[in-house]
Amino acid sequence: MAASLRGASLTSSSSTLSSDTDDDGVRGTCEDASLCKRFAVSIGYWHDPYIQHFVRLSKERKAPEINRGYFARVYGVSQLIKAFLRKTECHCQILNLGAGMDTTFWKLKDENLLPSKYFEVDFQMIVTRKIHNIKSKPPLSKPIVELHSEDTLHIDGHLLDSKRYAIIGADLRDLPELEEKLKKCQMNTQLPTLLITECVLIYMTPEQSANLLKWAANSFETAMFVNYEQVNMDDRFGQIMIENLRRRQCDLAGVEMCKSLASQKERLLSNGWETASAVDMMELYSRLPRSEVVRIESLEFLDEMELLEQLMQHYCLCWATKGGNELSLKEITY
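Residue numbers restart at each chain and count upward from 1, following the sequence in its written direction. Note on the predicted model: pLDDT of at least 70 is required for a residue's local features to be given, and 80 or more for side-chain atom pairs to be given and counted; whole-chain, interface and lining totals, by contrast, use all residues. For the side-chain quantities, the full set of heavy atoms in the structure was used; hydrogens and water were omitted.

A. Geometry of the confidence of the model for the protein. Confidence in the prediction of the protein, expressed as mean pLDDT, is 91, and 91% of residues score 70 or more. Here pLDDT means the predictor's own confidence in every residue, given as a number from 0 to 100. Residue contacts are counted whenever heavy atoms from the two residues lie within 4.5 Å of one another. Below a pLDDT of 50 lies the segment residues 6-19, which in the model reaches 23 contacts outside its immediate sequence neighbourhood of four places, other chains included.

B. Molecular detail of the UniProt feature "binding site: S-adenosyl-L-methionine" (unreviewed entry) in the protein. UniProt positions are given in the numbering used here, feature names are shortened, and annotations may be inferred rather than shown by experiment. The feature "binding site: S-adenosyl-L-methionine" (unreviewed entry), as annotated in UniProt, sits at Arg73, Gly98, Asp171, Leu172 and Glu198 in this numbering. Their sequence span is 126 residues, while the largest C-alpha to C-alpha distance among them is 24.2 Å; these annotated residues do not converge on one region. By the criteria applied, helices consist of DSSP H or I runs no shorter than four residues and strands consist of E runs no shorter than two, each listed in order from the N terminus. Its place among the elements puts aspartate 171 in the loop between β5 (165-169) and α6 (175-184). Look at aspartate 171 and you get buried, because its relative accessible area is 9%. Relative accessibility under 20% of the residue-type maximum defines a buried residue, over 50% an exposed one, and the middle range a partly exposed one, all with a 1.4 Å probe and only protein chains included.

C. Representation of the environment of leucine 317 in the model. Within the secondary structure, leucine 317 is located in strand β9 (residues 315-322). Through-space distance from the C-alpha of leucine 317 to that of glutamine 230 is 8.9 Å; in sequence the pair is 87 residues apart.

D. Layout of the nonpolar core. Nine residue types can take part in a nonpolar core, namely buried Ala, Val, Leu, Ile, Met, Phe, Trp, Tyr and Cys, and a core is a set of them joined through side-chain atoms within 4.5 Å. Counting residues in hydrophobic clusters, the biggest one holds 78 residues, and the most contacted among them are Trp106, Tyr165, Tyr285 and Leu317. Per-element accounting of this core gives the leading share, 11 residues, to helix α2 (residues 64-88). For tyrosine 285, the residues in contact, after removing those within four places along its chain, are Arg68, Ala72, Val293, Ile296, Glu297, Leu308 and Met312. Leu172, Leu212, Leu213 and Trp215 belong to the second largest nonpolar core, which has 33 residues in total.

E. Highlighting a negative patch on the surface. Exposure above 30% relative accessible area and no salt bridge define the residues that can form patches, which grow by joining like charges within 9 Å and nonpolar side chains of Val, Leu, Ile, Met, Phe, Trp and Tyr within 5 Å. For accessible areas, the Shrake-Rupley method is used with a probe of radius 1.4 Å. Any residue's cover is judged against the shown protein chains and nothing else. The term salt bridge refers to a pairing of a side-chain nitrogen on Lys or Arg with a carboxyl oxygen on Asp or Glu at a separation within 4 Å. Positive charges are assigned to Lys and Arg, negative charges to Asp and Glu, while His and the chain termini are left out of the count. Positions of charges follow a simple convention, taking NZ of Lys, CZ of Arg, CG of Asp or CD of Glu. Where like charges cluster on the molecular surface, the negative patch consists of Asp303, Glu304, Glu306 and Glu309. Following the sequence through the fold, glutamate 304 ends up in the loop between α11 (290-297) and α12 (305-312). Judged by relative accessible area, glutamate 304 falls into the partly exposed class, the value being 47%.

F. Spatial organisation of the sheet that holds β9. Pairing between strands is defined by DSSP: at least two bridges between the two strands are required. With respect to topology, nine strands assemble into an open sheet ordered β3-β4-β5-β2-β1-β6-β7-β9-β8, the strand pairing being mixed. Taken across any chain shown, the strands that pair with only one partner, and hence form the sheet edges, are β3 (154-156) and β8 (275-280). With direction set aside, neighbouring strand axes in the sheet form an average angle of 15 degrees. To define axes, lines are fitted to C-alpha atoms, for helices over the stretch in contact only, and angles between the resulting N-to-C directions are given on a 0 to 180 degree scale.

G. Structural detail: the packing of α2 against α12. Between α2 and α12, whose axes approach to 10 Å, the crossing angle comes to 40 degrees. Considering their axes alone, α2 and α12 lie oblique with respect to each other. α2 and α12 meet at a crossing whose hand is right-handed. Between α2 and α12, the residues in contact are Glu65, Ile66, Arg68, Gly69 and Ala72 and Leu307, Leu308, Leu311 and Met312, respectively. An angle below 35 degrees is treated as roughly parallel, one above 145 as roughly antiparallel, one from 65 to 115 as roughly perpendicular, and anything else as oblique. For any pair of crossing helices, the crossing counts as left-handed if the nearer helix is rotated counterclockwise from the farther one by less than a right angle, and right-handed if it is rotated clockwise.

Next up, the structure:
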């Protein structure tokens, strides 16, 4: 096949976000999450042969409660993704907003569960780095090329568009630009659509996140929204989390929407979504298959279960649906 990523030019663009300086702390959280996932994978929490191509293995050992927290996050989000793919028989599209170094596209391909098209969106700087890694690592580029039926791929510093996968550099606060770029990559508003945000909305103002949720609800006839982020942020533990991030120049602009599971659900329902559900991650952890709990808890010793409980009670997994009665999307639960 003539299509190749290796020979494509990686050009930089002169356009930058006006708020780049303000967003440095947010971009830093992408690196942190990637390093934590890489470490957890390295000691056997879950299987991901692709993350090593995006992230170096940190010399710093991550705490057991952090590793278990990331396992629950990855497991929970994955379960909802697969439930949506089963309901739609993969005749759908996925939009991962603020995807960072996420590897879901490659893992779904391995499981023969790819949607019609998988889109990723993030800051241009993060997208540039990810495209560079994809181009330079055959285990990442080959699956994209294999699925691409044309001779050429559209690729530059802030965009890679192929038949089944696209990655786009855009600001989620600029909805006209976001929609324009997605449509140029053949986003189909008639297809059932799953949108995913993980620790993204909390870095937007309540107005900005509401606008994104409304845009998502109004753009697709049949859709599901999955959001993983902080919750119960009004108590002392939550305040310590906020202070720690502020010391790293990372302001949680949307923290007021993360007061409770009820506030998380209400945000979704008040912005165009018909159903909304939410569980904190300790509740999700308690519902994990017993065999998985035994397996991951044997990987390393956890001294204080109370610390894990505190941490997990301050993160949640939320999901909302709109339309899709014929697909029974409302039945999807964790």
